[in-house]
Amino acid sequence: QGQLVESGGGLVQPGGSLRLSCAASGFTLDYYTIGWFRQAPGKEREGVSCRGSSDGSTYHRGSVNGRFTISRDSAKNTVYLQMNNLQPEDTAVYYCSAHSPTTTAQAMCLMSARAKRDYWGQGTQVTVSS
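Calculation criteria
Residues numbered from 1 in each chain as written. Predicted model: local features only at pLDDT ≥ 70, side-chain atom pairs only at ≥ 80, totals over all residues. Heavy atoms only, no water. Pairing = 2+ DSSP bridges. Helix = DSSP H or I, 4+ residues; strand = E, 2+ residues; numbered from the N terminus. Axes fitted to C-alpha atoms, helices over the stretch in contact; angles between N-to-C directions. Phe/Tyr/Trp six-rings, centres within 6.5 Å; stacked < 30°, edge-to-face > 60°. Buried < 20%, exposed > 50% of the residue type's maximum accessible area, 1.4 Å probe, protein only. Salt bridge = Lys/Arg side-chain N within 4 Å of Asp/Glu carboxyl O.

Q: Would you mind going over the sheet that holds strand S1 (residues 3-7) with me for this structure?
A: Strands pair in a sheet through their backbones, by hydrogen bonds, and they do so in one of two ways: parallel or antiparallel. Within the open sheet, the 4 strands sit side by side as S1-S3-S8-S7. Their pairing is antiparallel. Edge positions in the sheet fall to S1 and strand S7 (68-73), since each of these pairs with one other strand and no more. Between one strand and the next, the sheet's axes are offset by a mean angle of 20°, whatever the strand orientation. In terms of strand pairing, strand S3 (residues 18-25) meets strand S8 (residues 78-83) through 6 bridges, oriented antiparallel.

This is the structure we're talking about:
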């Protein structure tokens, strides 16, 4: 009965930073491709930052590339999303997900959020506003 639990969301001003956490239990993140997704009001859920299981490769959606960093702490069985220079368009509920290690980071992020994934977190709200 594995699960993912996100935390760290909140309200920040444009240009600010947040660090989201996603703690896994019941399974080991090291054995999965992991990713962060977001869903803004009126929009479909989309992949933003993903990391491959074996090679550590990462993929970031163009709009966040250079601003967001995904990382994994094996000892804590936790994945993080460091978000810098946040903009109002980054406002969304952010979710973490884990899927088959055969899935590449790019595929993880670009596949529809409606496609099958092994685990989803409950989401954490990020609001960027002045």
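Text resumes after the structure shown.
Q: For this particular structure, what's the right way to read the packing of aromatic side chains?
A: Two aromatic rings are characterised by how far apart their centres lie and by the angle between their planes. Per the counting criterion, the structure on display carries 5 aromatic pairs. Between Phe27 and Tyr32, the aromatic rings sit 5.0 Å apart at their centres with planes inclined by 75°, giving edge-to-face as the arrangement. Among the residues examined, Phe27 registers a relative accessible area of 8% and is labelled buried. Taking the centre distance of 5.7 Å and the plane angle of 75° together, the rings of Tyr32 and Tyr119 count as edge-to-face. Of the two residues, Tyr32 sits in the loop between S3 and strand S4 (33-39) while Tyr119 sits in strand S10 (residues 119-120), which places them 87 residues apart along the sequence.

Q: When you look at the pattern of salt bridges in this model, what are you seeing that I'm missing?
A: Pairing is possible between side chains that carry opposite charge, provided their charged atoms lie close to one another. This structure, assessed with the given rule, holds 7 salt bridges. Across the salt bridge formed by Arg61 and Glu46, the nearest N and O atoms sit 3.8 Å from each other. Here Arg61 is found in the loop between strand S6 (58-60) and S7, whereas its partner Glu46 is found in strand S5 (residues 46-51), with 15 residues between them in sequence. Overall, the relative accessible area of 24% leaves Arg61 in the partly exposed class. Within the structure, one salt-bridge network assembled from shared partners comprises Arg38, Glu46, Arg61, Arg67 and Asp90.

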